[in-house]
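If you want the building blocks of each chain, they are given just below.
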Amino acid sequence: MASVLEAPPAARPAAPPARAPRRVLRLGLSFGRRSVAILAFLALWEIAPRAGLVDRTFLVPFSEVLPTLWDLARDGQLWSNTQTSLARALSGFAIAIAVAVPLGLLIGWYRTLAELLNPLLELFRNTAALALLPVFVLILGIGETSKVSIVVYACVWPVLLNTVSAVRGVDPTFVRAARSLGLSAPRIFQKVVLPASVPSIFTGVRMAGSNSIIVLIAAEMVGAKSGLGYLVNASQQNFAITQMYAGIVAISVIGLVFNHLLVALERRFTRWRADH
């Protein structure tokens, strides 16, 4: 009787279809859409000099640049110059963030400080960093200090201005709600203003990241004995055109990787936005 009343064993649910191939396919399609413009550009670069659309003396095919890039990497010239440029760019970039983010938070939060500093900020924010490069060289010399300092100057403004704008753009409703809950001003700043400002701050950080590479390369072309900017400028002066383009490709790849690292860092610190 017990066997009659015993419930039949539950049927096993059918195994879900494998999702891995679909995910790989979606990733492949996404990568293809993002890469089509770059592939088209590289194809044009390869075809144009071979078809005689441009003078091959001044624009070599892309397929000839890659072996030169490999040769530069193999003999250590590319790595040494890259290391020098990255050390300068990252140093200036880090100093700029350490200065601009706290200062931007203070200016955005305290109106009195903003009114005091705004005229000075408006004066310098409209002065291009490269326009001041001769001043930095005259005052600080042609050594490492002037190059790092010009990177700091170029990176400070996007981070500072985006931080100030982020703090001022926080929804007042959130601030009033926090005050109604009895939070003090420091706690409101910590729990409401700062988290809401992070996405805009990272926008400025990404802009500063690109500025650090661009400005440093220009500074290295003017007065330096090492670095990727020096490599490109020296190759152009020696009419080593293939080597010059190899240096340009290396700079582009470094800028691309740097930007992707900043995007990944931004996603890490703004994960709460996706959750909500």
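Residues numbered from 1 in each chain as written. Predicted model: local features only at pLDDT ≥ 70, side-chain atom pairs only at ≥ 80, totals over all residues. Heavy atoms only, no water.

An unreviewed UniProt entry annotates the protein chain as ABC transporter permease subunit originating from Actinomadura rayongensis.

Caption draft 1: Region of interest: the packing of helix H3 (residues 62-74) against helix H4 (residues 77-109). Where H3 meets H4, the axes come as close as 4 Å, and the angle between the chain directions of the two elements is 75°. Between H3 and H4, the interaxial angle falls into the category roughly perpendicular. Together, Leu 69, Leu 72 and Ala 73 of H3 and Gln 77, Leu 78 and Trp 79 of H4 make up the contact between the two elements. Taken together, the residues of the contact of H3 with H4 break down into five nonpolar, one polar and no charged. (Axes fitted to C-alpha atoms, helices over the stretch in contact; angles between N-to-C directions. Helix = DSSP H or I, 4+ residues; strand = E, 2+ residues; numbered from the N terminus. Parallel < 35°, antiparallel > 145°, perpendicular 65-115°, else oblique. Contact = heavy atoms within 4.5 Å. Nonpolar A, V, L, I, M, F, W, Y, C, P; charged D, E, K, R; others polar.)

Caption draft 2: Inspection of unusual backbone geometry at higher detail. Unusually for a residue other than glycine, Phe 239 sits at a positive phi of about 60°. Considering the arrangement of structural elements, one finds Phe 239 in the loop between helix H10 (228-237) and helix H11 (241-269).

Caption draft 3: Seen up close, the UniProt feature "transmembrane region" (unreviewed entry) in the protein chain. The positions that UniProt labels "transmembrane region" (unreviewed entry) are, in the present scheme, residues 89-111, 123-142, 148-170 and 244-265. Helix makes up 55% of residues 123-142 and strand 0%. Its end C-alpha atoms lie 26 Å apart. Annotated as residues 148-170, this span is 91% helix and 0% strand, and its ends, taken at the C-alpha atoms, are 33 Å apart. (UniProt positions renumbered as here; feature names shortened; annotations may be inferred.)

Caption draft 4: The arrangement of the nonpolar core in detail. Of all hydrophobic cores here, the largest spans 61 residues; its most connected members are Ile 150 and Leu 160. When residues in this core are grouped by element, the largest group, 13 residues, is from helix H7 (residues 144-168). When neighbours within four sequence positions are excluded, Ile 150 is seen to be in contact with Ala 129, Leu 132, Leu 133, Phe 136, Val 215 and Ala 219. (Core = buried A, V, L, I, M, F, W, Y, C linked by side-chain atoms within 4.5 Å. Buried < 20%, exposed > 50% of the residue type's maximum accessible area, 1.4 Å probe, protein only.)

Caption draft 5: Spatial organisation of empty space enclosed by the protein. One pass over the full model with this rule turns up one cavity of 30 Å³ or more. In this model, the largest cavity occupies a volume close to 50 Å³. Lining the largest cavity are Thr 82, Ser 85, Leu 86, Ala 89, Ile 213, Leu 216, Ile 217, Leu 228, Ile 251 and Ile 254. For the lining of the largest cavity, the element with the most residues is H4, which contributes four residues. A breakdown of the residues in the lining of the largest cavity according to their chemical character gives eight nonpolar, two polar and no charged. (1 Å grid on protein atoms, 1.4 Å probe; cavity = no way out; pocket = protein on both sides within 12 Å on 5 of 7 lines; lining within 4 Å. Points joined across faces, edges and corners; volume = space filled by probe spheres on them.)

Caption draft 6: Inspection of a nonpolar patch on the surface at higher detail. A cluster of nonpolar side chains, namely Val 135, Leu 138, Ile 139 and Leu 140, defines an oily patch on the protein surface of about 420 Å² accessible area. Relative to the helices and strands, Leu 138 resides in helix H6 (residues 133-140). Residue Leu 138 is classed as exposed on the basis of its relative accessible area, which comes to 74%. (Patch = residues over 30% accessible without salt bridge, like charges linked within 9 Å, V, L, I, M, F, W, Y side chains within 5 Å. Areas by Shrake-Rupley, 256 points an atom, 1.4 Å probe, with all protein chains shown as cover. Salt bridge = Lys/Arg side-chain N within 4 Å of Asp/Glu carboxyl O.)

Caption draft 7: Highlighting the pattern of salt bridges. Inspection of the entire model under this criterion finds seven salt bridges. We note a salt bridge from Arg 50 to Glu 46, for which the minimum N-O separation is 2.5 Å. Within this pair, Arg 50 and its partner Glu 46 are both found in helix H2 (residues 20-50), separated by four residues, close to a single helical turn. The salt bridge involving Glu 220 is made with Arg 88; its shortest N-O contact spans 2.7 Å. Separated by 132 residues along the polypeptide, Glu 220 in helix H9 (residues 185-222) and Arg 88 in helix H4 bring together distant segments of the chain. Take Glu 220: its relative accessible area is 1%, and that puts it in the buried class. Within the structure, one salt-bridge network assembled from shared partners comprises Arg 88, Glu 144 and Glu 220.

Caption draft 8: Spatial organisation of the confidence of the model for the protein chain. For the protein chain, per-residue confidence averages 83 on the pLDDT scale, and residues scoring 70 or more make up 87% of the total. Predicted confidence in the protein chain is weakest over helix H1 (residues 2-5), with a mean pLDDT of 48, and strongest over H4, with 91. Considering only residues more than four positions removed or in separate chains, one finds that residues 1-5, a stretch of pLDDT under 50, has zero contacts. (pLDDT = per-residue confidence, 0-100.)

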